[in-house]
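Understanding the architecture of this molecule
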Amino acid sequence: MTAIALTIAGSDSGGGAGIQADLKTFSALGVYGASVITAITAQNTRGVTAVEDISAGMIAAQMRAVLSDLDIGAVKIGMVSRIETIETIAENLFDVEKPVVLDPVMVATSGDRLLQEDAIETLRNTLLPMATLATPNLPEAALLSGQPMATNRQDVVRQAEAILKTGVRAVLIKGGHDIGSESVDILLDGESLDEFSMPRIETGNDHGTGCTLAAAITAHLALGYSLVDAIGLAKDYLQGALAAGRDLHVGHGHGPVHHFYRWWNA
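Only a predicted model underlies this, so the values are computations on that prediction, with no experimental measurement involved.

1. Concerning the side chain of Thr-85
Assignment of secondary structure puts Thr-85 in helix H3 (residues 83-93). According to the relative accessible area criterion, Thr-85 is buried, its value standing at 1%.

2. Some thoughts on H3
If you check which residues of H3 are buried, you get Thr-85, Ile-86, Thr-88, Ile-89, Ala-90, Asn-92 and Leu-93. Contacts made by the buried residues of H3 are with strand E1 (4-12), strand E2 (32-44), helix H2 (56-67), strand E4 (74-77) and helix H4 (120-127).

3. Digging into the pattern of salt bridges
If you walk through the whole model with that rule in mind, you get seven salt bridges. Residues Arg-158 and Asp-155 are paired through a salt bridge, measuring 2.8 Å at the closest nitrogen-oxygen approach. Taken together, the residues span about one helical turn, with Arg-158 and Asp-155 both in helix H6 (residues 153-164) at a distance of three residues. By relative accessible area, which is 17% here, Asp-155 ends up buried.

4. Focus: the nonpolar core
If you look at the biggest cluster of nonpolar residues, it comprises 41 residues, and the most contacted ones within it are Ile-8, Ile-77, Ile-89, Leu-123 and Leu-127. Not counting the four nearest positions on each side in its chain, Ile-89 is found in contact with Ile-8, Thr-38, Ile-59, Met-63, Ile-77, Val-80 and Leu-127. Formed by 30 residues, the second largest nonpolar core is a distinct cluster that contains Val-101, Ala-170, Leu-221 and Ala-222.

5. Describing the environment of Ile-217
Mapping Ile-217 onto the fold places it in helix H7 (residues 209-222). Residues Ile-217 and Ala-234 lie 17 residues apart in sequence; the distance between their C-alpha atoms is 5.3 Å. Setting aside residues up to four positions removed in sequence, Ile-217 forms contacts with Val-101, Leu-133, Thr-135, Leu-172, Ala-230, Ile-231 and Ala-234.

6. Quick word on the environment of Leu-223
Residue position: Leu-223 is located in the loop between H7 and helix H8 (227-245). Between the C-alpha atoms of Leu-223 and Ala-5, which are 218 residues apart in sequence, the distance is 9.0 Å. For Leu-223, the contacting residues outside a window of four places in its chain are Ala-3, Leu-29 and Val-31.

7. A few points about the packing of helix H1 (residues 18-28) against H7
The N-to-C vectors of H1 and H7 enclose an angle of 40°; their axes lie 9 Å apart at closest approach. On the basis of the axis angle, H1 is oblique to H7. Remark: the crossing between H1 and H7 carries right-handed chirality. Contact with H1, carried on its side by Gly-18, Ala-21, Asp-22, Thr-25 and Phe-26, involves Cys-211, Thr-212, Ala-215, Ala-216, Thr-218 and Ala-219 of H7 and no other residues of that element.

8. Here's the deal with the packing of helix H5 (residues 138-145) against H6
Following both chains from N to C, one finds H5 and H6 inclined at 50°, their axes separated by 9 Å at the closest point. Comparing the axis directions of H5 and H6 gives the class oblique. Note that H5 runs across H6; the crossing there is left-handed. Here H5 contributes Leu-138, Ala-141, Ala-142, Leu-144 and Ser-145 to the contact with H6, which in turn contributes Val-156, Gln-159, Ala-162 and Ile-163. Split into classes, the residues belonging to the contact of H5 with H6 amount to seven nonpolar, two polar and no charged.

9. Observations concerning the pairing of strand E9 (residues 193-199)
By the bridge criterion, seven bridges tie strand E8 (residues 182-188) to E9 in an arrangement that is antiparallel. Bridge pairing in E9 places Leu-187 opposite Asp-194. Hairpin geometry of E8 and E9 is characterised by an intervening segment of four residues between the two adjacent antiparallel strands and by a positive phi of about 90° at Gly-190.

Cut-offs used in this document
- Residues numbered from 1 in each chain as written.
- Predicted model: local features only at pLDDT ≥ 70, side-chain atom pairs only at ≥ 80, totals over all residues.
- Heavy atoms only, no water.
- Helix = DSSP H or I, 4+ residues; strand = E, 2+ residues; numbered from the N terminus.
- Buried < 20%, exposed > 50% of the residue type's maximum accessible area, 1.4 Å probe, protein only.
- Contact = heavy atoms within 4.5 Å.
- Salt bridge = Lys/Arg side-chain N within 4 Å of Asp/Glu carboxyl O.
- Core = buried A, V, L, I, M, F, W, Y, C linked by side-chain atoms within 4.5 Å.
- Axes fitted to C-alpha atoms, helices over the stretch in contact; angles between N-to-C directions.
- Parallel < 35°, antiparallel > 145°, perpendicular 65-115°, else oblique.
- Left-handed = near helix turned anticlockwise from the far one by under 90°.
- Nonpolar A, V, L, I, M, F, W, Y, C, P; charged D, E, K, R; others polar.
- Pairing = 2+ DSSP bridges.

Below, the structure written as structure tokens:
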């Protein structure tokens, strides 16, 4: 069987994040990628200059087309900027019995807001309960939990516990926005706690790291790995992409990670 993963996300015209990063990641990991585009951004390595949402009807049509034909092994949800988009995705994923990874993209690396304020509650109440895994970074975890930004491990665990109460089966809070020589992600599923630690890589090419990690987890779930193994393998892949990405020269701002570092040199 061909492993197939579906990404439901926004388009990044600069190619470093969103749909483009997801499809690159799927391909790099040997998984066929399908996509549903939720929004189009005018974006490059310096920031986002414009966002245009795809209509709810078109999002639904894309989902029906893909889900009625392709044997999807896992689904990743990324940028969902407004209430109508969230509700449409939830309605069309209702009968999908495959792993769902929700990467709650709220703010771009550049600081640009990608999720409307009034849509946060809908995200909590509608998509989180449908997800196998949510992958917020520290600022996103604070918004989802309604708590101040975490400053220590206890805060992170407390916020993960709060997010679990929405009905999501597991929460991976990413430590990339933290400081220190190690980047530590904490996974909580209500029964056990796991930590994934990697040496922090100093690089200016970190655009799309969150999208890439969530997509890599999704790809490994589509390949049949357990959640813990999928996260560990995804972390290894991202670490390599970040390290190799230091030699990429793309744009004049935050460049992308090197998704195809196993295939070609920068």
